[in-house]
Amino acid sequence: MRVSVIGCGHLGIPHAAAMAEIGHEVIGVDLDQAKIDRLNAGECPIYEDGLPELLSTHTATGRLRFTTSLAEAAEFADIHFLAVGTPIDADGRSYDTGQIFGAARALAPHLTRSTVIVGKSTVTVGTSRDLGALLVRLSPAGEDVEVVWNPEFLREGHAIDDTLRPDRIVVGVPSARAEDAVRQVYAPLLANGIPLFVTDPATAELIKGAANAYLGMKISFINGVADMCTAAGADVQQLTEAIGLDPRIGRGGLNAGPGYGGGCLPKDVRAFTASARTLGATEAATMLRAAEEVNESRPSAALKLIEQTLGRPVDGVRITVWGASFKAGTDDVRESPALAIAALMHQRGATVTVHDPHAVPTALRRHPELDYCEDLEDSLTAAELIVLATEWPHFREADPKALAPLVADQVLVDLRNLIDADAWRMAGWTVRQLGRPAQE
Ligand SMILES: NC(=O)c1ccc[n+]([C@@H]2O[C@H](COP(=O)([O-])OP(=O)(O)OC[C@H]3O[C@@H](n4cnc5c(N)ncnc54)[C@H](O)[C@@H]3O)[C@@H](O)[C@H]2O)c1
């Protein structure tokens, strides 16, 4: 099929590459000319495992190309995926759907034949209906333009795998014709046994919000329990393993840490909380808000653990933070807890150097006040404390004996429970892990 992907960001680029991989002819569209030029040259403007290879393979064959022209995309494609951003609005609660309606208004005059628009962005319930009405009104093809909602569940760092082998594909469809179009475009995935869940558009929109709100609550739940473990001298890691064995609870997504971040979970929990309030589900809104409050408290909870470990305030201390991205496998630093903690320590008078294997350039743009170092060993020069804040595998693999001579003081606070603490302690380090007993 000939498909377009409108919006080439963390969602759109992997989706466009994956659609080419499953055999479609794909045109990606973005407003950002510089980004489009890099993509057409086979370069990947974001860091995502496996994406550069897929992009260069399919741009080289011509099966995947990029443009800034929606007219060209409308002429070329019969099905358009909408993957533009939905950042949080100025009110800090609902989605700003300006990019969605902006793209639709610009595309509509070019829709002269029967077309299906497949919304993938995360939106407030009701957006699909409003978008459909707008497109019917503004498009020459009128009623022959239909909107389906197909929320995306990919995890950054696993974007390619999650797009080619998702747990499920959810689509909210207004008609049998629209459902047929979705079945056709995803046929190679469906043939591999990926379940297709067909529902109405409002339910599809709410499924996405509910999924991310639940994941956020799960993380806040275990982080709240980690605070209880810290106070009681118990071990959150063992607790998690034990409760995770219950299939009603499950182990997935249940890791104590510095809080959830990124371009999705924080805003999705915020917007779902606001939706609950708008829809009159007051108790649900209170429950969701509590999860947000736990998450908002994570930087200060981390600071408390760090200062307990140091035995003094961070003011004047040289601290190296390992990790800038909001999680491993991506250079995305939107609402990154690692950077929030680094910035908080900097505000409190610490001299902070941040090391990350891939996210230094993106972090520097957001927090120019911090110092950065792309080399792990150089990042440690004269450090009095290491704070491990993002779960990159090379931190787990770091050799505590080899690193010991590089630092001023052998002290490490592991906010991800990532390292083998015993091995580090054997090498002479003082190690403190989140929600786990202090051991000398
Ligand atoms: N990032 C993820 O892992 C992820 C996962 C699931 C769902 N989502 C959802 O997907 C959507 C996109 O997220 P993202 O992280 O890719 O955002 P992003 O900000 O990385 O990318 C959005 C892109 O859309 C482009 N754009 C804006 N208006 C446009 C227009 N009129 N025409 C063409 N391009 C336009 C922007 O220039 C930008 O490149 C959001 O709703 C997000 O919540 C993201």
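The structure under discussion appears in the preceding block.
We now turn to the structure provided with this report. Going along each chain's sequence as written, the residues are numbered from 1 onward. Where local features are concerned, this predicted model is filtered to residues with pLDDT of at least 70; where side-chain atom pairs are given and counted, the filter is 80 or more; whole-chain, interface and lining totals use all residues. The side-chain numbers reported here are obtained from all heavy atoms of the structure, hydrogens and water having been left aside.

1. Observations concerning the overall build of the protein
Let me state the cut-off plainly: In this text, helices come from DSSP runs of H or I with a minimum length of four residues, and strands from runs of E with a minimum of two, each type numbered from the N-terminal end. Note that the radius of gyration is over C-alpha atoms, with the globule rule given as 2.2 Å times the number of residues to the power 0.38. Buried residues are those whose accessible area, probed at 1.4 Å on protein chains only, stays under 20% of the maximum for their type, while exposed residues exceed 50% and partly exposed ones sit between those limits. Contacts: residue pairs with any heavy atoms within 4.5 Å of one another. In this tally Asp and Glu are treated as negative and Lys and Arg as positive; neither His nor the chain ends contributes. Positions of charges follow a simple convention, taking NZ of Lys, CZ of Arg, CG of Asp or CD of Glu.
On a plain count of helices and strands, the protein comes out with 19 helices and 14 strands. Against the globule reference of 22 Å for 440 residues, the protein gives a C-alpha radius of gyration of 23 Å, in line with a compact fold. In terms of principal-axis extent, the alpha carbons of the protein reach across some 70 × 50 × 40 Å. A buried classification covers 55% of the 440 residues belonging to the protein. Long-range pairs, those at least 24 residues apart, make up 72% of the contacts in the protein with a sequence separation of at least 6. Charge-centre separation for the protein: the mean point of 39 positive side chains lies 3 Å from the mean point of 58 negative side chains.

2. Concerning the packing of helix 10 (residues 201-232) against helix 12 (residues 265-278)
Heads up, the condition is: The axes are straight lines fitted to the C-alpha atoms, using for helices just the contacting stretch, and the angles between their N-to-C directions are given from 0 to 180°. An angle below 35 degrees is treated as roughly parallel, one above 145 as roughly antiparallel, one from 65 to 115 as roughly perpendicular, and anything else as oblique. Handedness of a crossing follows from how the near helix is turned relative to the far one, being left-handed for an anticlockwise turn of less than a right angle and right-handed for a clockwise one. As a working rule, the residues Ala, Val, Leu, Ile, Met, Phe, Trp, Tyr, Cys and Pro are called nonpolar, Asp, Glu, Lys and Arg charged, and the rest polar, with Gly in that last group.
Closest axis-to-axis distance for the helix 10/helix 12 pair is 8 Å, and the angle between their directions is 110°. Looking at the two axes, helix 10 sits roughly perpendicular to helix 12. The crossing of helix 10 and helix 12 is left-handed. Mapping the contact onto sequence places L206, K208, G209, A210, N212, A213, L215, G216 and I219 in helix 10 and L265, D268, V269 and F272 in helix 12. By residue class, the composition of the contact of helix 10 with helix 12 is 8 nonpolar, 3 polar and 2 charged.

Without other data, these values stay purely geometric and don't point to any function.
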